[in-house]
Amino acid sequence: MAKREPPGESPIASARSSADTDALADENRSELSVLMYPDSTDSNPYQRELRDGLQSHNVAVEMSGYGRYVSLLPAVHEHGRPDVVHLHWLSKSFVTEQSWLTALLGLRLLVELLVLRLSGVRVVWTVHNLGEHARRSPRVELLTKRLATRLIDGIIVHCDAARDTVMELFDLSADDRPDVRTVPHGNYLDSYPNEIDRASARADLGYGPEETVFLYFGLIRPYKNVPELVDTFRELDAPDARLLVVGNPWSDELAATVRDRVAADDRARAVLEFVPDDEIQLYMNAADAVVLPYEEVLTSGAAILAMSFGNPVVAPNRGCVGERLDPRWNVRYDPDETDELRAALADALDADLRTMGEGNYEASTRLDWSELSLRTRRLYSSICN
């Protein structure tokens, strides 16, 4: 048995009236074709869940990979002209170390968007991040994205806070903006195996029932502040607290830094490697709380993952993370204030983490992919009419 038993039918699904069901049947009568670009389904279940949800609403979805030489128009040519091209993680297709090359690839992207527009193909962009976190060519990237929004028909963001930020950053007015809609990030309840119970997971990792385990889980990149998390944890006067850092480091240098910081405290441990899907449950079910000490954040799949496994989250009160995490079930803090992360960890040690995790799990059931995919389809239908 997993750490949290799932409840019955999703509140969203059970609340849908028969009139809504009839309207949905009418809406889904006409099939739409969508090409998603780039294809990240091998490393991220987000697109996979969205694709499957859309297909249940009569949307034919194909995925296309990305690369410096596999751009939008060749992808459309390979798969056939769709009704909609749905873009994700746009920076991957044009941002490089060299500003001149970023500008050249950005120009290619803009020309391709213009060609798609002139050919009648609608384009939607889900804004997962405002910009590339490595900030390799930030000025050229921002200019390219601002120009791209003039050629895009619809934008999806995961929360209202992100909507406001996107409108301001990309200088979108009511007159010239694309259709910007808020569609929350769906849950990961069915995305990963979840069969190991809490006691077994903790026993496998060597944690006792009296210990409070803080887990950092995810790709370790500079902006995620993992070394600072370890340093902050070391300041806690809590003999029974434990810190478990799990994830694949962005660089050898960052990996060495994390190892050195962890080695200085015998309450901390690091597993610095890629975690297969079937092993995620081990770490999530062994944890008492998930800590995401990001310096900057718009949205976070790791926060949704923690909620889906019934864990409370300690995270900055920013972007969609701050908006999505209910303060009753999570510990939010101001990352701009000194010692706020340490205070948040201390607050978590004094909290009823089990009850908070149950509240988070219940909240995650309301992030139903079928409903969220329907909202995405309605955007497709709106811009295609």
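Residues numbered from 1 in each chain as written. Predicted model: local features only at pLDDT ≥ 70, side-chain atom pairs only at ≥ 80, totals over all residues. Heavy atoms only, no water.

Asker: Please explain the overall build of the protein as it appears in this structure.
Answerer: A count of helical and extended segments in the protein gives 16 helices and twelve strands. Expected size for 385 residues packed as a compact globule is a radius of gyration near 21 Å; at 22 Å, the protein falls within 12% of this value. Expressed as lengths along the three principal axes of its C-alpha atoms, the size of the protein is roughly 65 × 55 × 35 Å. Every one of the 385 residues in the protein was classed for burial, and the buried ones make up 53%. When contacts within the protein are restricted to residue pairs at least 6 apart in sequence, long-range pairs at least 24 apart make up 78% of them. For the protein, the exposed area adds up to about 17100 Å²; of that, 46% sits on carbon and sulfur atoms. (Helix = DSSP H or I, 4+ residues; strand = E, 2+ residues; numbered from the N terminus. Rg over C-alpha atoms; globule rule 2.2 N^0.38 Å. Buried < 20%, exposed > 50% of the residue type's maximum accessible area, 1.4 Å probe, protein only. Contact = heavy atoms within 4.5 Å. Areas by Shrake-Rupley, 256 points an atom, 1.4 Å probe, with all protein chains shown as cover.)

Asker: What exactly am I supposed to notice about the sheet that holds strand E5 (residues 154–157) here?
Answerer: Within a beta sheet, neighbouring strands are joined by backbone hydrogen bonds and run either parallel or antiparallel to one another. The strand order E2-E1-E3-E4-E5-E6 describes an open sheet built from six strands, whose pairing is parallel. Two strands in the sheet have a free side with no partner beyond their single neighbour: strand E2 (59–63) and strand E6 (179–182). Direction aside, the axes of adjacent strands within the sheet are offset by 20° on average. As judged from the five bridges shared by strand E3 (residues 84–88) and strand E4 (residues 122–126), these two strands associate in the parallel manner. Opposite Val 85, over in E4, you have Val 123 as the bridge partner. Across the sheet, helix H16 (residues 369–384) touches strand E1 (32–37), E2, E3, E4, E5 and E6, and the angle it forms with E6 is around 170°. (Pairing = 2+ DSSP bridges. Axes fitted to C-alpha atoms, helices over the stretch in contact; angles between N-to-C directions.)

Asker: Hey, could you run me through the state of the cysteines in this one?
Answerer: One way to say it: the disulfide is the covalent bond shared by the sulfur atoms of two cysteines. Throughout the structure, instances matching the rule amount to one disulfide. The disulfide bridge from Cys 159 ends at Cys 320, spanning 2.2 Å between sulfur atoms. Every disulfide takes its handedness from the sign of the S-S torsion; for Cys 159 and Cys 320 that torsion is -85°, giving left-handed. With Cys 159 in the loop between E5 and helix H7 (160–169) and Cys 320 in helix H13 (residues 319–324), the pair connects residues that are 161 residues apart, well separated along the chain. In terms of burial, Cys 159 and Cys 320 fall into one category: buried. (Disulfide = S-S within 2.5 Å.)

Asker: Explain H7 here, please?
Answerer: An α-helix turns once every 3.6 residues. As a result, residues three or four positions apart point the same way. Along H7, the residues that are buried comprise Ala 162, Val 166 and Met 167. In a view along the axis of H7, the buried residues occupy a sector of 135°, so they form one face of it. For H7, the exposed residues set more than 90 degrees away from the buried face come down to Asp 164 and Glu 168. Residues of H7 that are buried sit in contact with E5, E6 and H13. (Arc of directions from axis to C-beta.)

Asker: What is the right way to look at the environment of Trp 125 in this model?
Answerer: Within the secondary structure, Trp 125 sits in strand E4. You can call Trp 125 buried: its relative accessible area is 1%. The sequence separation of Trp 125 and Ser 382 amounts to 257 residues, and the corresponding C-alpha distance is 15 Å.

Asker: What is the right way to read the packing of aromatic side chains from this model?
Answerer: Two descriptors summarise a pair of aromatic rings, namely the distance from one centre to the other and the angle between the planes of the rings. One pass over the structure, following the stated rule, counts five aromatic pairs. Between Tyr 188 and Tyr 192, the aromatic rings sit 6.1 Å apart at their centres with planes inclined by 80°, giving edge-to-face as the arrangement. Neither Tyr 188 nor Tyr 192 differs from the other in exposure class; each is buried. Aromatic pair Tyr 223 and Tyr 294: ring centres 6.1 Å apart, planes at 55°, arrangement tilted. Placement of the pair is Tyr 223 in the loop between strand E7 (212–217) and helix H9 (226–234) and Tyr 294 in the loop between strand E10 (289–291) and helix H12 (301–308), with a sequence separation of 71 residues. Members of the aromatic cluster, connected to one another through ring pairs, are Tyr 46, Trp 89 and Trp 369. (Phe/Tyr/Trp six-rings, centres within 6.5 Å; stacked < 30°, edge-to-face > 60°.)

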